[in-house]
Structures are given as structure tokens and as C-alpha cells.
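Geometric and topological summary
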Amino acid sequence: MMRLPRFNYVEPRSLREAARILAGEGPSAMPLAGGTDLFPNMKRRHQVPKTLVALGGLPRLAGVRGSAGRGFSLGAGTTLTALQEHAGLRKAWPGLHEAVKSISTPILRNMGTLGGNICLDTRCNYYNQNYEWRRAIHFCMKCDGDTCWVAPGSDTCLAVSSSDSAPMLCALDARLHLVSQAGERTIPARELFARDGIKYLTKAPDEILTRVDLPPVDGWRTAYRKLRRREAFDFPVLGVAIALRFEKDVVAEARVWLGAVAEAPIEAMEAARNLAGRPLTDDAIEEASRLAFPVAKPVDNTDFGVRWRKEMSRIMTRDALRSLRSA
Ligand SMILES: Cc1cc2nc3c(=O)[nH]c(=O)nc-3n(C[C@H](O)[C@H](O)[C@H](O)COP(=O)(O)OP(=O)(O)OC[C@H]3O[C@@H](n4cnc5c(N)ncnc54)[C@H](O)[C@@H]3O)c2cc1C
């Protein structure tokens, strides 16, 4: 049986108090939301925080506000189940609905939050193992060791971004609101993620993600496609997130993002450029899917063969785009 390490558990009564505790304790403290990723990680000794700062009791972090017309504001502490069941959100942003619905299992979605999903740790076959397994290979660069076993010559960790919501929020150009004792700031979702499996978020350890602001729907249509071994539940080994803004029958703006094929969500810029300014014809879809293909550069650190995952980036981009013709 894997046991949790010892830790202090604090339940701040306000965001300000949470920020103060995190700033005071330094990197040995971590925010805790639903715990569906953090607790398993702690059991495997990936993270051994001295203090967990529970965000669950902070009312400012929970709930969905706004509307499709004005733009929704999603509290980072909102559970994935609450997001999945929000009828307005589902109608406005079906791509986000699909992404959220595909995360883990119904029971885990009852606990797991949007903020936890966005800040989800990167994953790797050599990392997501118990302590004894990792010790047997002298650990890896991401935790306790020096070598990246996926590519021993690499000087950075190649663990893969495995959040389903992250690529979709990048495609939506969502804004993330961060709070710490030093102040508040709002950044585009794309700026939160870094191409480094160890330091995969650009935010400081004591910054709390408080809310996610979505733009008004205003002609945007969205789709999300996910590749995984078990349809019942599994982390993505490829996620395709697409947002297109239509003016009549013409694609006025396009965003195509791939998840789970690199240390951060990556943008297929050429594919998006090629879609803009023309109707979404079969030819346009084929060309964009071909242009998304070279952007996906999966490495052998998760499930399925890398060639097939790469090939599926083309097929799933095509499938997602086709679904947007009739959306
Ligand atoms: C069996 C299983 C299957 C899973 N399948 C998937 C899947 O298919 N797709 C997927 O994306 N995920 C999957 N997950 C991972 C996890 O359940 C989800 O990502 C969930 O959304 C994490 O949210 P949480 O609230 O439980 O986060 P926690 O575990 O509480 O936290 C995760 C990380 O985020 C940080 N954090 C949390 N909230 C904040 C905040 N507001 N501000 C700053 N930092 C914060 C924590 O410090 C921690 O580092 C799976 C997990 C399990 C156990």
C-alpha cells in the first residue's frame, strides 16, 4: 500500500490568507484543490510538500458567472462535474464541454477542479511510477535523478503535458487570473505553459489561479478530440483543440492547438493561417490537417507508438474540423 507522507494541512478562510501562507512557507507549500492528482503524486513521492493549503473552502474560487454573450468567468475551484453540467457553457463552448467531460472518471470529476486540471503535473512513463520502481532505474531528471530516460542526451525534461482543458483554453484565448501576496495579474492561457517538463508552468509557486475568463461566443465554434487507450477513462496521448470564428460561411479566424504531444500545449499556426479567410471546404480541411501533422512531435514517454500518435494528429484534426462545418 502506498501511504501519504506527513504534511501540515491548513484551511485558509480567505484568498488573502491563502496567499499569505503560500508566500510565507515558500516552495515547501502547495495549493490543494480536489487532490485527485496531487495526492497520488505525493504517495509516489513526486511531490512532498511540508504544507498543503486547501483552496476548497474559498467561495471566491467556485462557480460559473457570466453568459455566452458577455463571456463566462469560471472559478478555478469549480469542479469538473459542475462545468460539465452547466448547460449554458455546453451550448456556448462544446469543445470545452468535450474536453472537460473526457477528464478522468465521474467520481474524480466530482472532486477535481478546473484550476487543478490547468496546473496538472506533466507525465512520463519513467516518472509516474512508485518510489521503488523509480529508485531501481536511479530515478529520472524530473524527480530525484539526473537523466531523462526518454532521451538520455536531453538537457531538459520531456515529460508530457496531459491536461485536457489546457489546449482547449489556449484555443479559446482564455485569460487566467493569478493572485499572490505580491499582487494580481491576468495572462493569456497560452502564456502559462512552458516547454519544460519540470518547470511546466510560468507562474510562481505561490501564485493561486483564481479564475478563467472566456471571451464572448460571437461566432466562434469549437471542437475537441482526444486519443487515449481506454475510452472509459485515460489521460490523453493526443488532444486536438480547435476554435474557428465564422462570418457567414467564411472562417474569419482560426486557432488550432495540440495537447499531450509535448511538454506544453502547442499551436499549429500554419494550419490555422491556412484556414482563415476561406470557407471550410474539404480541401481547406485536408490542407489544415496536413499542416497540423508536422507540429506534433510526440516522444516515447506515454502510451501508444509515437508514429501512430503523430499520424492521429492529422486524422483527429480533420475529424474535429469536419464537425465544425455543421456545428
Ligand atoms: C485515474 C485518473 C485518471 C485521470 N485522467 C485524467 C484525464 O483523462 N485528463 C486530465 O486532464 N486529467 C486526468 N487526471 C488528473 C486529475 O484528476 C485532473 O487533472 C483534475 O482536474 C485535477 O484537479 P484537482 O482539483 O484534483 O487538482 P489537485 O490534485 O488538487 O492539484 C493538481 C495541481 O494543481 C495545483 N493547483 C490546484 N489548484 C490550483 C490553483 N487554483 N492555483 C494554483 N495551483 C493549483 C496543485 O498544487 C497541484 O500541483 C486523472 C487522474 C486520475 C487519478
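Thresholds applied
- Residues numbered from 1 in each chain as written.
- Predicted model: local features only at pLDDT ≥ 70, side-chain atom pairs only at ≥ 80, totals over all residues.
- Heavy atoms only, no water.
- Helix = DSSP H or I, 4+ residues; strand = E, 2+ residues; numbered from the N terminus.
- Buried < 20%, exposed > 50% of the residue type's maximum accessible area, 1.4 Å probe, protein only.
- Contact = heavy atoms within 4.5 Å.
- Lys, Arg positive; Asp, Glu negative; His and termini not counted.
- Charge placed at Lys NZ, Arg CZ, Asp CG, Glu CD.
- Near = heavy atom within 4 Å.
- Polar contact = N/O pair within 3.5 Å; in protein donor to acceptor, adjacent residues only side chain to side chain.
- Areas by Shrake-Rupley, 256 points an atom, 1.4 Å probe, with all protein chains shown as cover.
- Nonpolar A, V, L, I, M, F, W, Y, C, P; charged D, E, K, R; others polar.
- Pairing = 2+ DSSP bridges.
- Axes fitted to C-alpha atoms, helices over the stretch in contact; angles between N-to-C directions.
- Left-handed = near helix turned anticlockwise from the far one by under 90°.
- Core = buried A, V, L, I, M, F, W, Y, C linked by side-chain atoms within 4.5 Å.

So, the overall build of the protein chain
Scanning the protein chain from terminus to terminus reveals 12 helices and 13 strands. Oriented by its inertia axes, the alpha-carbon framework of the protein chain measures out at about 60 × 45 × 35 Å. For the protein chain, the residues scored as buried account for 52% of the 327 residues in total. Put simply, of all contacts in the protein chain between residues at least 6 apart along the chain, 63% involve residues at least 24 apart. Of note, the protein chain has its 47 positive side-chain charges centred 3 Å away from the centre of its 36 negative side-chain charges.

Quick word on the site of the ligand
Looking at the ligand, there are 34 residues lining it, with Pro31, Thr36, Thr113, Asn117 and Asp164 nearest. Interatomic distance of 2.7 Å between a side-chain N/O atom of Thr113 and an oxygen atom of the ligand. Note that a nitrogen atom of the ligand is positioned 2.7 Å from one of the side-chain N or O atoms of Asp164. When isolated, the ligand has an accessible area of 980 Å², and the protein chains bury 92% of it. For the shell around the ligand, the elements supplying multiple residues, two or more each, are strand 2 (29–32), helix 7 (114–118) and strand 8 (208–213). In the shell around the ligand, the residues fall into 16 nonpolar, 12 polar and six charged.

Re the side chain of Thr317
Considering the arrangement of structural elements, one finds Thr317 in helix 12 (residues 306–325). A polar contact of 2.5 Å, which involves the side chain of Thr317, links it to the backbone oxygen of Ser313. Setting aside residues no more than four positions away along its own chain, Thr317 makes contact with Val240, Ile242, Val256, Leu258, Ala288, Ser289, Ala292 and Met312.

Quick look at the sheet that holds strand 1 (residues 8–10)
Strand order across the open sheet formed by three strands is 1-3-2, with parallel pairing between neighbours. For this open sheet the edge positions go to strand 1 and strand 2, each flanked by a neighbour on one side alone. Each strand axis lies, on average, 25° off the axis of its neighbour in the sheet, ignoring direction. Note that strand 1 and strand 3 (residues 51–54) share three bridges and pair parallel.

Structural notes on the packing of helix 11 (residues 282–292) against helix 12
Relative orientation of the contacting elements helix 11 and helix 12 amounts to 145°, with a least axis distance of 8 Å. For helix 11 against helix 12, the interelement crossing comes out right-handed. Mapping the contact onto sequence places Asp282, Ile285, Glu286, Ala288, Ser289, Arg290 and Ala292 in helix 11 and Ser313, Arg314, Thr317, Arg318, Leu321, Arg322 and Arg325 in helix 12. In the contact of helix 11 with helix 12, the residues fall into four nonpolar, three polar and seven charged.

Thoughts on the sheet that holds strand 8
Ordered by their spatial adjacency, five strands build an open sheet running 4-5-8-6-7, and the pairing between neighbours is antiparallel. The open sheet is flanked by strand 4 (64–67) and strand 7 (183–188), the only strands paired with a single partner. Across the sheet, the mean angle separating the axes of adjacent strands is 20° when strand polarity is ignored. Sheet analysis places strand 4 next to strand 5 (residues 71–75), joined by four bridges and oriented antiparallel. Note on strand 5: the bridge partner recorded for Ser67 is Gly71.

So, the environment of Arg185
Along the chain, Arg185 turns up in strand 7. Sequence separation of Arg185 and Ala264 is 79 residues, and the distance between their C-alpha atoms is 21 Å. Setting aside anything within four residues of it in sequence, one finds Arg185 in contact with Leu176, His177, Leu178, Thr202, Lys203 and Glu207. Of note is the side chain of Arg185, whose polar atom sits 2.7 Å from the side chain of Glu207.

Here we look at the nonpolar core
Ranked by size, the top nonpolar core spans 39 residues in total, and within it Leu74, Trp93, Leu96, Ile118, Leu169, Val212 and Leu214 carry the most contacts. Broken down by element, the residue count for this core peaks at five residues, all from helix 9 (residues 165–171). The contact partners of Trp93, leaving out residues within four places of it in the chain, are Phe72, Leu172, Leu214, Pro215, Pro216, Val217, Trp220 and Thr222. Counting residues in each nonpolar core, the second largest holds 30 residues, with Leu227, Val237, Val251 and Ala271 among its members.

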